[in-house]
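Structure assessment
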Amino acid sequence: MLQQTLAAQLPPPSAGWPAWFIERRQRALDALVSARWPQRKDEAWKYTSLHELAQQAPQVVQAAVPAAVDDAAMVFVAGQGAVGNAPPFMRRLADALASGQAGQALAPATPAAEGGDVFDHANAAFASDGALIDVPAGYVDDDWFRIHIRGAGQAASTHWHLAHRIQLGEGANLRLHLDQEALSGSGLATIVSDIRVARGAHLELAWTRAAGDMASIARTRIELEADARLTLHVLDAGASPSRHDLTVVLAGENVQSDVGGVFMLEGRRVADLQFDLRHDSPNASSNTTWRAIANERSRAVFNGHINVAKGADGTDAQLGCKSLLGSVQAEVDAKPVLEIYADDVKCAHGATVGQLDAQALFYLRSRGIGLDQARSMLTRAFAAEAFGERQDSPAALRLAQWLEVA
């Protein structure tokens, strides 16, 4: 089984690693060996098959720390990173571990010790690098900081892992772009991110994931304290598969969450979002807008769940997913869910699946616009709705680039 293949490859501890980190790796390794492999009969994996990945025997990547970081704040190649044009509060997990400065409280959180699955355990066992970002209180900067993530570029089946921890102090403002290149070759990449936004802080996060061939598994947890704000834009072109388990916890009062995402899928690629938004405190608002575009034989999965806890009065939650099918063989599985335990709330959810408007296409063509350009114009307008007025975000700009190339 894949678990045993991975477990046999765990590298020895590096010099300087603290005892708690070494012990955690061993616990995760033990859990990995005994973990149950996800099956299609499991509700969470009903529409995404892992059969092809289960047949592989990926080898751990022996990648050197990247020498070139271009204009990025940080670069990670197959799980190993380098710091570039970054402020002092951005550093690598590997550097912190080697220097003994990574106290257990600063370690990226993973659910490996809390009943996580095989991918949680693999990440906790193997990830020894990632971004440690601790933004000081009151910090404000209008620039976007880019973290560039790419694979080893090998044709062989490989696996690598990253663990990020991001924390914003009170009243801080950070713009962060996680820019994931196409991951070539077969194998597995896991990225676990633990993000905390303190009182009155604002995190603008863009995550772009180019089309790839590796199985790409992301686990992200974002927690917002009182008066905090989250603006999250996701653009995903799919993989084999691309899976993102995204949890957003509105833990404090008067929190605002704006989440927009787009799937742009071609070929046989799969993109799967498992979205869990928790309204745990009163007077918080959330708006989640998703667009899925599936062409050829691709598949998009959107499982969006909003939970409004007892006592979270004054909640305003909107959840919607609209999808376009560009082929009779493409598939979209959308399931928005509201679970409400409070009384004084305003909530709505919905999902639609359709094709490009034939009348709109005819109108554009009657004005001398070619069929391919007309399709691109309508597709871009449809997808751009997910990013609202923020068409200058890295995700919106990357979407425009992809559609121009297409």
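Residues numbered from 1 in each chain as written. Predicted model: local features only at pLDDT ≥ 70, side-chain atom pairs only at ≥ 80, totals over all residues. Heavy atoms only, no water.

Helix and strand counts for the chain come out as 8 helices and 20 strands. A principal-axis box enclosing the C-alpha atoms of the chain has dimensions of 70 × 50 × 45 Å. Within the chain, the proportion of its 406 residues that are buried is 55%. Summing over all exposed atoms, the chain offers an accessible surface of approximately 16900 Å²; the carbon and sulfur share of this is 48%. (Helix = DSSP H or I, 4+ residues; strand = E, 2+ residues; numbered from the N terminus. Buried < 20%, exposed > 50% of the residue type's maximum accessible area, 1.4 Å probe, protein only. Areas by Shrake-Rupley, 256 points an atom, 1.4 Å probe, with all protein chains shown as cover.)

N-capping of helix H6 (residues 358–366) is provided by Asp-357, with a side-chain oxygen placed 2.8 Å from the backbone N of Gln-359. Gly-368 sits one or two positions beyond H6 and adopts a positive phi of about 90°. (Polar contact = N/O pair within 3.5 Å; in protein donor to acceptor, adjacent residues only side chain to side chain.)

Let's shift gears to the sheet that holds strand E2 (residues 74–77). A sheet is described by the order of its strands in space; here 10 strands give the open sequence E3-E2-E6-E8-E10-E12-E14-E16-E18-E20, paired in mixed fashion. The two strands at the open ends of the sheet, each matched to only one other strand, are strand E3 (80–83) and strand E20 (345–354). Between one strand and the next, the sheet's axes are offset by a mean angle of 10°, whatever the strand orientation. One ladder, built from 8 bridges, connects strand E10 (residues 202–209) with strand E12 (residues 229–236); its direction is parallel. Of the residues in E12, the one forming a bridge with Ala-206 is His-233. (Pairing = 2+ DSSP bridges. Axes fitted to C-alpha atoms, helices over the stretch in contact; angles between N-to-C directions.)

Below, the discussion takes up the packing of aromatic side chains. Counting across every chain of the model gives 7 aromatic pairs. Measuring from centroid to centroid gives 5.7 Å for Trp-20 and Phe-21, while their planes differ by 85°, and the two rings are edge-to-face. Both rings, one in Trp-45 and one in Phe-119, keep their centres 5.9 Å apart while their planes meet at 45°; by these two values the pair is tilted. Taken together, the residues Trp-45 in the loop between helix H2 (19–34) and helix H3 (51–54) and Phe-119 in helix H5 (residues 118–126) connect sequence positions 74 residues apart. A single burial state applies to Trp-45 and to Phe-119, both of which are buried. A cation over a ring is seen here: Arg-291 above Phe-382, with NZ or CZ 5.5 Å from the ring centre. (Phe/Tyr/Trp six-rings, centres within 6.5 Å; stacked < 30°, edge-to-face > 60°. Lys NZ or Arg CZ within 6 Å of the ring centre and 35° of its normal.)

A few words now on unusual backbone geometry. Following Ser-240, the chain continues to Pro-241 via a peptide bond in cis, the omega torsion being -5°. Locating Pro-241 in the fold gives a position in the loop between E12 and strand E13 (242–250). A positive phi angle is found at Ala-78, which is not glycine, with a value near 50°. Within the secondary structure, Ala-78 sits in the loop between E2 and E3. Look at Asn-283: it is not a glycine, yet its phi comes out positive at around 60°. Looking at the element boundaries, Asn-283 is found in the loop between strand E15 (270–279) and strand E16 (285–294). The exposure class assigned to Asn-283 is partly exposed, which follows from its relative accessible area of 40%.

All chains considered together, the criterion is met by 26 salt bridges. The closest approach of N and O atoms between Asp-42 and Arg-36, which form a salt bridge, is 2.8 Å. We note a salt bridge from Asp-194 to Arg-196, for which the minimum N-O separation is 3.4 Å. Judged by relative accessible area, which is 5%, Asp-194 ranks as buried. (Salt bridge = Lys/Arg side-chain N within 4 Å of Asp/Glu carboxyl O.)

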